[in-house]
Amino acid sequence: MRKLLFIMFFCIFMSGCDAEEEKAENQDLKETLENLTSKEMSGRLTGTKGNELAVDFVENSFKELGLETFQQDSFLIEYPHKFHDPNKLKFDINITLDDGKTIELERGKDFLESSGFTDYTIKSPYTLDINDSKLEEAFIVLEDDSDFQKAFEESKGVLIVKKELSRTLGMDNFDKPIIQITKETYNKLKKSKKGQIEIASSAQEETIQAYNVVGKIPGKDSKKAIVLSAHLDHVGQVNNTIYSGTIDNATGVSVLLNIARQLIDYQGSLENDIIIVAFNGEDSGLQGSYFFTDSIKGKYEHIYNINLDSLFDGPVDLVSTETEVSQELIQDLQVFLEDNGIKTNIDLSGTIMSDHSSFLHHHMNGLSIGSQNVMKKIHLPSDNTIKDINLSFLKNISDTLMKFVIKHDNNVYKHEHINEHEQYELTAEDEKLSEEFQEFQEFQEYFTKGLEELKYNEYKLAEYGEEKKLIIFEHLSYTFENLNEFKSYYPGVKFSPIIDNYSLKRIWTNKLNVDTSQFEVNKVYTKETSPKDLGFLGLKYYSEQDSEQVLEITISISKNLARDDDNSENIIKEIKINEQLFELNFKSESEPLRFFSYKQEVNNEFYTVTIAKGKEVVIEIDGASYAGIKSTLSEKEVENIIQNNNIVEIVAETLNSF
């Protein structure tokens, strides 16, 4: 009996341990989901403050994981983004019932458009009768979608009841309105059955600069790359209704970061460069991935993309286009997923678009992994909770893809492009999509060239295309390779040209805040520079004895002197030298110190100072340089830098000159 009781107790104890271990393994996935779906990020629409917070979160996560930058000294790669400011968007609906009573519908609460319009106004009768003899002169109000096709073809527009109001960012997608309404709104209209509807819609397109977040784990062969990606943006909010996008696509980003963490911790070597990308602008038309894929085409001999989009539970779909993707890649991945308990369906119809589509367009292998039957769950206010997410499933996806990357590291998946014109005649929709891609490429070239013509503190407004769309050209970040050029803008800012035997060679800084309220087209404006503009400053020093050895100091404005929240698995050790508290950042107990940092208050401003030292690793790909630092720091050397080189005093002198 005692033996039996012991066995029962042991089984219960081990079961509890397994549950606790699983909970701990899933914690980082949960924390990422909670961060990206927070109220502060308000749906992460590209071009909004919430999206900026999401970009910052992912960038900081890349730093904490120890990824290398993909381009120069930043994880952020900017691109021109076509944007409709939600604060300037207008879509008003007023209803006049037969009895003369008027109803003003509230957008986001009573109704929501399926597509916006840049310029649309109409006043028209409405009817609830699908067989109305004057249907072609009226809007039709539908209780369900059983008669939708007839209604859309024959009426001036459609109001249709939906259980939830789905949010998309399309603009001018249809030649007539399709408007989702709530059941309550329908009941109000039903009382009258007929009346007048008045719609006024407008939106202004502008071009802003947005960011993809890109990091890298370098492989031994810089001619081959695997791109692991997920989009960080979503559709924002409408009035007080936030579309949090838990499934779409906080889940994809959480898995992406988890895979990156595991690959960083992997003790073996990899042949391929592993590029980790959080794309922006996916829900605005794949804009971030279009720009990225165009910029890297031809830089690798072999490259493929695995994109993560909208995961909540199994089974999953592998989505791509049959004429553009390696069948071997699809088959290998399907087998690997199935072998790890993930049921998988393959959809190569090309009808489902995500960021993998940008790779396919540029004739690179690309595919997306997403949960099956997910469309009915996303772009809805109800996609706002973690309780619907199977965290163990996400962890299994992460573990499986990490193992797939390692096992198939030596595989070369050749891109298979079949000329579609030889198979079938392109549809009008295909031709339109191809034209849109070409237009986007031309715009990128135009924007890049225009930016290159401007100095650091110059900006201008220009007209683009036959429609004369207004484009703002301004530098979001800038690297000074010539120190005299920096001094010409900031003559009062002091910095030490030499620290120990390291000489300052490069300075980089953030964008200037420019006044764009009043512009003359094609006139170049000059911003008066001030040290107050410097919310971020990077200083890179190179050793006089060994040009590969660098000392890097970055200074950024902080909220306060308190320690920043650190949800990473990095190890932070605090030390105090000369009454100043420093934080040493280790990836693990068995690995070298990555960097150290401290907080400083100057003139009522709080700053975070981060210092790294080591060998600069630079890879040249088609003339572009991608740099990172392989740390050589030790605790003893940190003390030496602080005490013998007076680093705190040197930085303080710079800060006092701001």
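Residues numbered from 1 in each chain as written. Predicted model: local features only at pLDDT ≥ 70, side-chain atom pairs only at ≥ 80, totals over all residues. Heavy atoms only, no water.

### Some details on helix H14 (residues 647-656)
Threshold: Buried residues are those whose accessible area, probed at 1.4 Å on protein chains only, stays under 20% of the maximum for their type, while exposed residues exceed 50% and partly exposed ones sit between those limits. Comment: elements are numbered from the N terminus, with helices defined as DSSP H or I runs of at least four residues and strands as E runs of at least two.
Where burial is concerned, most of H14 is hidden: 7 out of the 10 residues are buried. For H14, the set of buried residues is Ile-647, Val-648, Ile-650, Val-651, Ala-652, Thr-654 and Leu-655.

### Examining the packing of aromatic side chains
Short version of the rule: For Phe, Tyr and Trp, rings pair up if their centres lie within 6.5 Å, where Trp contributes its six-membered ring, and each pair is then called stacked (planes under 30 degrees apart), edge-to-face (over 60) or tilted (otherwise). When the NZ atom of lysine or the CZ atom of arginine is within 6 Å of a ring's centre and also within 35 degrees of its normal, the charge is said to sit over that ring.
According to the stated counting rule, one finds 21 aromatic pairs in the structure shown. Pairwise contacts between aromatic rings join Tyr-456, Tyr-478, Phe-480, Phe-486, Tyr-489, Tyr-490 and Phe-495 into one cluster. Just above the ring of Phe-152 sits the side chain of Lys-176; from NZ or CZ to the centre is 5.2 Å.

### Points about the environment of Ser-398
Rules: Pairs of residues are marked as contacts when any of their non-hydrogen atoms sit within 4.5 Å. Two N or O atoms count as a polar contact when they lie within 3.5 Å, although within protein this holds only if one can serve as hydrogen donor and the other as acceptor, and sequence-adjacent residues are included solely when both atoms are side-chain atoms.
Position of Ser-398 relative to the elements: it lies in helix H9 (residues 391-407). Each C-alpha atom, one on Ser-398 and one on Ala-260, is 9.2 Å from the other, the two residues being 138 residues apart in sequence. Apart from the residues within four sequence positions on either side, Ser-398 is in contact with Val-255, Asn-258, Ile-259 and Gln-262. Separated by 2.5 Å, the side chains of Ser-398 and Asn-258 make a polar contact. Within polar-contact distance, the side chain of Ser-398 engages the backbone nitrogen of Ile-259 at 3.4 Å.

### Observations concerning the nonpolar core
Within soluble globular proteins, side chains that are nonpolar tend to cluster in buried spots. The criterion, for reference: In this description, a nonpolar core means a group of buried Ala, Val, Leu, Ile, Met, Phe, Trp, Tyr and Cys residues linked to one another through side-chain atoms lying within 4.5 Å.
Among the nonpolar cores identified, the biggest contains 63 residues, and Val-213, Leu-228, Ile-274, Leu-311, Leu-333, Ile-369 and Leu-394 are the most heavily contacted of them. For this core, the leading source of residues is helix H5 (residues 246-265), giving 10 residues. With residues near it in sequence (within four places) discarded, Leu-311 still touches Ile-247, Thr-251, Val-255, Val-316, Ile-369, Gly-370, Ser-371, Ile-389, Phe-393, Leu-394 and Ile-397. Formed by 42 residues, the second largest nonpolar core is a distinct cluster that contains Leu-483, Leu-584, Leu-593 and Ile-647.

### Observations regarding the pairing of strand E29 (residues 580-586)
To be explicit about the condition: Pairing between two strands is assigned when DSSP locates at least 2 bridges connecting them.
Of all 7 residues that make up E29, 5 are buried, and the element is covered over most of its length. Inspection of the sheet shows strand E28 (residues 571-577) paired to E29 by 7 bridges, in the antiparallel sense. Bridge pairing in E29 places Ile-572 opposite Asn-585. Hairpin connection between E28 and E29: a loop of 2 residues separates the two successive antiparallel strands, and Asn-578 in this loop has a positive phi of roughly 50 degrees. Bridge count for E29 against strand E30 (residues 593-602) is 4 bridges, and the pairing is antiparallel. The residue of E30 that forms the bridge with Glu-583 is Ser-597.

### Quick look at the pairing of strand E10 (residues 194-202)
Taken residue by residue, a regular strand's side chains alternate between the two faces of the sheet. Judged from the 8 bridges that link them, strand E3 (residues 90-97) and E10 form a sheet pairing that is antiparallel. Its bridge partner being in E10, Lys-90 is matched across the sheet by Ser-202. In the sheet, strand E6 (residues 119-127) pairs with E10 via 9 bridges, with the strands oriented antiparallel. The residue of E10 that forms the bridge with Thr-127 is Lys-194.

### A short note on unusual backbone geometry
A cis amide bond links Asp-248 to the next residue, Asn-249, at an omega of 5 degrees. Assignment of secondary structure puts Asn-249 in helix H5. In this model, Gly-314 is joined to Pro-315 through a cis peptide bond whose omega is -5 degrees. For His-363, which is not a glycine, the phi torsion comes out positive at approximately 60 degrees. On the secondary structure map, His-363 appears in the loop between helix H8 (356-361) and strand E19 (365-371). Using a relative accessible area of 42% as the deciding quantity, one classes His-363 as partly exposed.

### Brief notes about the environment of Tyr-304
Summarising the element assignment, Tyr-304 is placed in strand E16 (residues 302-308). Taking C-alpha positions, Tyr-304 is 4.6 Å from Asn-365, a pair spaced 61 residues apart along the chain. Setting aside residues up to four positions removed in sequence, Tyr-304 forms contacts with Ala-225, Ile-226, Val-227, Leu-329, Asn-365, Phe-404 and Tyr-413.

### Comments concerning the pattern of salt bridges
Threshold: Each salt bridge in this description consists of a side-chain nitrogen of Lys or Arg and a carboxyl oxygen of Asp or Glu lying within 4 Å of one another.
Tallied over the full model, the rule gives 17 salt bridges. Linking Lys-183 and Glu-143 is a salt bridge whose minimum nitrogen-to-oxygen distance equals 2.3 Å. Of this pair, Lys-183 sits in helix H4 (residues 183-190) while Glu-143 sits in the loop between strand E7 (139-142) and helix H3 (148-154); the two residues are 40 residues apart in sequence, bridging distant segments of the chain. With a shortest N-O distance of 2.6 Å, Asp-399 and Lys-395 are connected by a salt bridge. Linking Asp-399 with Lys-395, this pair stays in helix H9, spanning 4 residues, or about one helical turn. Accessibility expressed as a relative area gives 12% for Lys-395, which makes it buried. By sharing partners, the salt bridges in this structure join Asp-73, Glu-481, Arg-506, Lys-540 and Glu-552 into a single network.

### Thoughts on the side chain of His-356
On the secondary structure map, His-356 appears in helix H8. Owing to a relative accessible area of 1%, His-356 belongs among the buried residues under this scheme. Excluding residues that lie within four positions of it along the chain, His-356 makes contacts with Asn-305, Asn-307, Val-319, Ser-320, Gly-366, Leu-367 and Ser-368.

### Observations regarding a positive patch on the surface
Note the threshold: Any residue with relative accessible area above 30% and no salt bridge may belong to a patch, with like charges joined within 9 Å and the nonpolar Val, Leu, Ile, Met, Phe, Trp and Tyr side chains within 5 Å. Accessibility throughout is a Shrake-Rupley quantity obtained with a 1.4 Å probe, and a residue counts as covered only by protein chains that appear here. The positive count covers Lys and Arg only, the negative count covers Asp and Glu only, and His and the chain ends enter neither. Lys charges are placed at NZ, Arg charges at CZ, Asp charges at CG and Glu charges at CD.
Judged by side-chain charge, Lys-101, Lys-109, Lys-188 and Lys-191 come together as a positively charged surface patch. Along the polypeptide, Lys-191 turns up in the loop between H4 and E10.

### Things to note about the packing of helix H2 (residues 49-65) against H5
Put simply, the test is: Helix axes are fitted only over the stretch in contact, all axes being lines through C-alpha atoms; the angle between N-to-C directions runs from 0 to 180 degrees. Oblique is the label for every angle not falling under 35 degrees (roughly parallel), over 145 degrees (roughly antiparallel), or within 65 to 115 degrees (roughly perpendicular). Two helices crossing with the near one rotated counterclockwise from the far one by less than a right angle form a left-handed crossing, whereas a clockwise rotation gives a right-handed crossing. When residues are grouped by polarity, Ala, Val, Leu, Ile, Met, Phe, Trp, Tyr, Cys and Pro land in nonpolar, Asp, Glu, Lys and Arg in charged, and all others, Gly among them, in polar.
Direction vectors running N to C along H2 and H5 enclose 15 degrees, while the axes themselves pass 10 Å from each other. Put simply, H2 runs roughly parallel to H5. Once H2 is placed against H5, the crossing between them reads as right-handed. Between H2 and H5, the residues in contact are Phe-57, Val-58, Ser-61, Phe-62 and Leu-65 and Val-253, Leu-257, Ala-260, Arg-261 and Ile-264, respectively. For the contact of H2 with H5, the class distribution of residues is 8 nonpolar, 1 polar and 1 charged.

None of the figures reported here should be taken as evidence of function without further support.
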